[in-house]
Amino acid sequence: MPKIKIRKMKSHEIRPNTRTRGLSTSKSFFRLSRMAYFCTQVLSTSFFTPKPQIPVLLNPGVACIKSFHQYRFLHIKAMQDDKVSTPTPSDECMVRVPHVLTVAGSDSGAGAGIQADLKACAARGVYCSTVITAVTAQNTVGVQGVNIVPEDFVAEQLRSVLSDMHPDVVKTGMLPSIGIVKTLCQSLKEFPVQALVVDPVMVSTSGHTLAGPSILDSFREELLPMADIVTPNLKEASALLGGVPLETIADMRYAAKAIHDIGPRNVLVKGGDLPASVDAVDVFYDGKDFYEFRSSRIMTPNTHGTGCTLASSVAAELAKGSQMLSAVKVAKHYIEAALSYSKNIAIGGGRQGPVDHLLKLKSNVQRRSFDPCDLFLYAVTDSRMNKRWGRSIVDAVKAAIEGGATIIQLREKEVETSDFLEAAKACLKICRVHGVPLLINDRIDVALASDADGVHIGQSDMPAHVARALLGPDKIIGVSCKTPEHALQAWIDGADYIGSGGVYPTNTKENNKTIGLDGLKTVCLSSKLPVVAIGGIGISNVQAVMGLGVPNLKGVAVVSALFDRECVLTETRKLLEVLKESTK
Ligand SMILES: Nc1ncnc2c1ncn2[C@@H]1O[C@H](COP(=O)(O)OP(=O)(O)O)[C@@H](O)[C@H]1O
Ligand SMILES: Cc1ncc(COP(=O)(O)O)c(N)n1
Ligand SMILES: [Mg+2]
């Protein structure tokens, strides 16, 4: 049976006693939690198939997380070994996984409800426990029957999970009786959690009542004031506000504000059913600002369970430690990608089919998530320079990685597409071995075809939100930005980082305006995303750049200083040393 090795974590990487409640805000803690959880997913044949269970051993000596200054990457070593020792984890080495508890109804068709929540959380890499409030007989045609779980048994399930397993976030779906709402509120007072996500489910998309209007008072008086976010669709928002018609984005803004007045800290009014809307627009209000989350509308009948999925994904991101706005943004990108992935699947003969949540598992499960520290020493290739020095793209990339580059971008303006694709595939092999992400400049097609980790795009390339829709939620997207306005748009569009420059004049890019250190600083200070500086940077000026000291400036992107030289390995090593010095 395979087992994995994870090395013992250093004290700065993990809190001393991870069994205690509450979330650590330490980024490395979350990263490690995610990694370890990812191991359990990969090696336990995912938790949808109950058997065979493969023990995941987290005690020292049976683990291997290789940590290396700016980048960390999990090396999973699955060994065929029949002798599996009994896990004896010591407290110090236990890794806590992000955990969402869903309190919702079961959907026998598994498109919505508890089943959607389980799948969405799994797809987002989060553990999900379940308290079932009702069992529905449901399929793609509609809801044939509802059996409400007795209130005291809902209370017992809540006590079982909350008293022992300490979920980070509770997400609610179908709450079919006033008694169940009250029981839930009581339990949450007794066992507080980090965040409460309320999806005020009332009517299924097929038109069946799942929680009647009698529930509204207990929602308004008890549950919503406890919620960190409430996510009504148009019908639910209207019901919460006494039946006001909601037909436009302006109406959704009004509703978001009016529902906020009831007491939840944030409101997301979902516009999946907004009439005459080309895009799928959701309106978010945090009590101060409004944000519109907009995605393309996917033309598909398979939208059953989108609301449950969105709310669970928000809960999952919160459990991983995200801020609310970022959690909503990621969830929205995920539902768009899931809808797009599922648009043509045929399950059932009814009008509304389910979403397929597990798109990610069908792509490469071994990909790790983006870490802003990856931007530290960002190597950008240039085919002209490689030609000049008589080396291939692959040799150049290999040398840069060996020298300490933490991320690679292939910027190959003059290479034929088929050669570019071959080179990208070959580079990817090397990058994966070293745990270094590989990005493709401009060419989303090449990124998709090679399964690279993401793309870097300029202001005149494919808009970032379109790239995000094409690449899905897990690929890395970087955008070149010269102004705070560019940076804001990149964030809204779902980018992961921005590249800002040219900081100094450069001849690798024609007609490129230099923004200087001041321009870079202005962009960094306004950007919600991590920034990598670019343009004419090398050993002589890297200290001045990093010396700006702005926290979200995470590194430098370099072309000539690495590749227009005889020995890429030596130059990369030298630059890495200076870079490390300048960030001490
Ligand atoms: N056809 C679609 N294309 C893209 N996004 C959609 C589509 N239908 C719904 N969504 C999105 O799915 C999420 C759930 O919305 P909605 O369907 O309005 O909620 P509910 O499922 O609770 O009725 C929202 O983010 C919405 O914008
Ligand atoms: C058990 C249960 N919970 C929630 C929904 C809402 O999902 P949708 O609005 O997509 O029908 C549902 N249909 N069934
Ligand atoms: Mg819907």
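Because the structure is predicted, anything quoted here is derived from the model rather than measured. (Residues numbered from 1 in each chain as written. Chains lettered and ligands numbered in written order. Predicted model: local features only at pLDDT ≥ 70, side-chain atom pairs only at ≥ 80, totals over all residues. Heavy atoms only, no water.)

A few points about the overall build of the protein
Next up, step 1: A tally of helices and strands in the protein yields 20 helices and 21 strands.
Next up, step 2: Out of the 584 residues belonging to the protein, those deemed buried represent 55%.
Next up, step 3: The contacts of the protein with a sequence gap of at least 6 include a subset with a gap of at least 24, amounting to 68%.
Next up, step 4: Carbon and sulfur atoms form 54% of the exposed surface of the protein, whose accessible area is close to 24,300 Å². (Helix = DSSP H or I, 4+ residues; strand = E, 2+ residues; numbered from the N terminus. Buried < 20%, exposed > 50% of the residue type's maximum accessible area, 1.4 Å probe, protein only. Contact = heavy atoms within 4.5 Å. Areas by Shrake-Rupley, 256 points an atom, 1.4 Å probe, with all protein chains shown as cover.)

A few points about the sheet that holds strand 15 (residues 407–410)
Next up, step 1: Taken in spatial order, the eight strands of this closed barrel run 14-15-16-17-18-19-20-21, and their pairing is parallel. Each strand axis lies, on average, 25 degrees off the axis of its neighbour in the sheet, ignoring direction.
Next up, step 2: In this structure, strand 19 (residues 497–501) lies alongside strand 20 (residues 531–534), joined through four bridges in parallel fashion. Counterpart to isoleucine 498 in the pairing with strand 20 is valine 531.
Next up, step 3: In the packing of helix 12 (residues 393–403) onto the sheet, contacts are made with strand 14 (377–380) and strand 15, and the angle to strand 15 comes to roughly 160 degrees. (Pairing = 2+ DSSP bridges. Axes fitted to C-alpha atoms, helices over the stretch in contact; angles between N-to-C directions.)

Description of the site of ligand 1
Next up, step 1: Among the 15 residues in the neighbourhood of ligand 1, the closest are listed as Lys270, Asp282, Ile298, Gly307 and Lys332.
Next up, step 2: Glycine 272 places a main-chain nitrogen or oxygen 2.9 Å from an oxygen atom of ligand 1.
Next up, step 3: Isoleucine 298 places a polar main-chain atom, nitrogen or oxygen, 2.8 Å from a nitrogen atom of ligand 1.
Next up, step 4: Coverage of ligand 1 by the protein chains reaches 93% of its 540 Å² of free accessible surface.
Next up, step 5: Mapped by element, the contributors of at least two residues to the shell around ligand 1 are strand 12 (279–285), helix 8 (306–320) and helix 9 (324–342).
Next up, step 6: Looking at the shell around ligand 1, its residues break down into five nonpolar, five polar and five charged. (Near = heavy atom within 4 Å. Polar contact = N/O pair within 3.5 Å; in protein donor to acceptor, adjacent residues only side chain to side chain. Nonpolar A, V, L, I, M, F, W, Y, C, P; charged D, E, K, R; others polar.)

Remarks on the packing of aromatic side chains
Next up, step 1: Tallied over the entire structure, the rule returns six aromatic pairs.
Next up, step 2: Each member of the aromatic cluster is reached from another via a ring pair, and the members are Phe284, Tyr291, Phe293 and Trp491.
Next up, step 3: If you follow lysine 528 out to its NZ or CZ, it ends over the ring of tryptophan 491, 4.9 Å from the centre. (Phe/Tyr/Trp six-rings, centres within 6.5 Å; stacked < 30°, edge-to-face > 60°. Lys NZ or Arg CZ within 6 Å of the ring centre and 35° of its normal.)

Here's the deal with the side chain of glutamine 352
Next up, step 1: In this fold, glutamine 352 is placed in the loop between helix 9 and helix 10 (359–362).
Next up, step 2: In terms of polar contacts, glutamine 352 uses its side chain to reach the side chain of threonine 303, at 2.8 Å.
Next up, step 3: Apart from the residues within four sequence positions on either side, glutamine 352 is in contact with Thr140, Thr205, Pro301, Thr303 and His304.

Details of the site of ligand 2
Next up, step 1: Around ligand 2 sit 13 residues, and of these Gly105, Gln138, Thr205, His304 and Gly305 come closest.
Next up, step 2: Taking glutamine 138, its side chain carries an N or O atom lying 2.7 Å from a nitrogen atom of ligand 2.
Next up, step 3: In this structure, an oxygen atom belonging to ligand 2 sits 3.3 Å away from a side-chain N or O atom of histidine 304.
Next up, step 4: Notes on ligand 2: free accessible area 360 Å², of which the protein chains cover 94%.
Next up, step 5: A class-by-class count of the residues in the shell around ligand 2 yields five nonpolar, eight polar and no charged.

Points about the nonpolar core
Next up, step 1: Counting residues in each nonpolar core, the largest one holds 111 residues, and the members touching the most others are Ile408 and Leu410.
Next up, step 2: When residues of this core are assigned to domains, at least three map to each of domain 1 (99–363) and domain 2 (372–582).
Next up, step 3: With residues up to four places along the chain from it excluded, the contact list for isoleucine 408 reads Ala379, Thr381, Val397, Ala400, Ile401, Cys431, Val436, Pro437, Leu438 and Leu439.
Next up, step 4: Membership of the second largest hydrophobic core comes to 42 residues, among which are Val103, Leu158, Leu188 and Leu234. (Core = buried A, V, L, I, M, F, W, Y, C linked by side-chain atoms within 4.5 Å. Domains from an automatic or database assignment.)

With respect to the confidence of the model for the protein
Next up, step 1: Per-residue confidence for the protein gives a mean pLDDT of 84; residues scoring 70 or more make up 82%.
Next up, step 2: Taken together, the stretch residues 1–86 has pLDDT below 50 and engages in 177 contacts with residues farther than four places along the chain or on a different chain.
Next up, step 3: Both scores are available for the predicted complex, with the pTM at 0.61 and the ipTM at 0.93. (pLDDT = per-residue confidence, 0-100.)

Overview of the environment of phenylalanine 153
Next up, step 1: Topologically, phenylalanine 153 is positioned in helix 3 (residues 151–165).
Next up, step 2: In the structure, phenylalanine 153 is positioned 27 residues away from isoleucine 180 in sequence and 9.7 Å away in space, judged by C-alpha atoms.

Overview of the pattern of salt bridges
Next up, step 1: Per the stated rule, a full pass over the model turns up 25 salt bridges.
Next up, step 2: With a closest N to O distance of 3.0 Å, arginine 294 and glutamate 292 form a salt bridge.
Next up, step 3: Residue arginine 294 is classed as partly exposed on the basis of its relative accessible area of 45%.
Next up, step 4: Connected via shared salt-bridge partners are Arg124, Glu317, Lys320 and Asp474. (Salt bridge = Lys/Arg side-chain N within 4 Å of Asp/Glu carboxyl O.)

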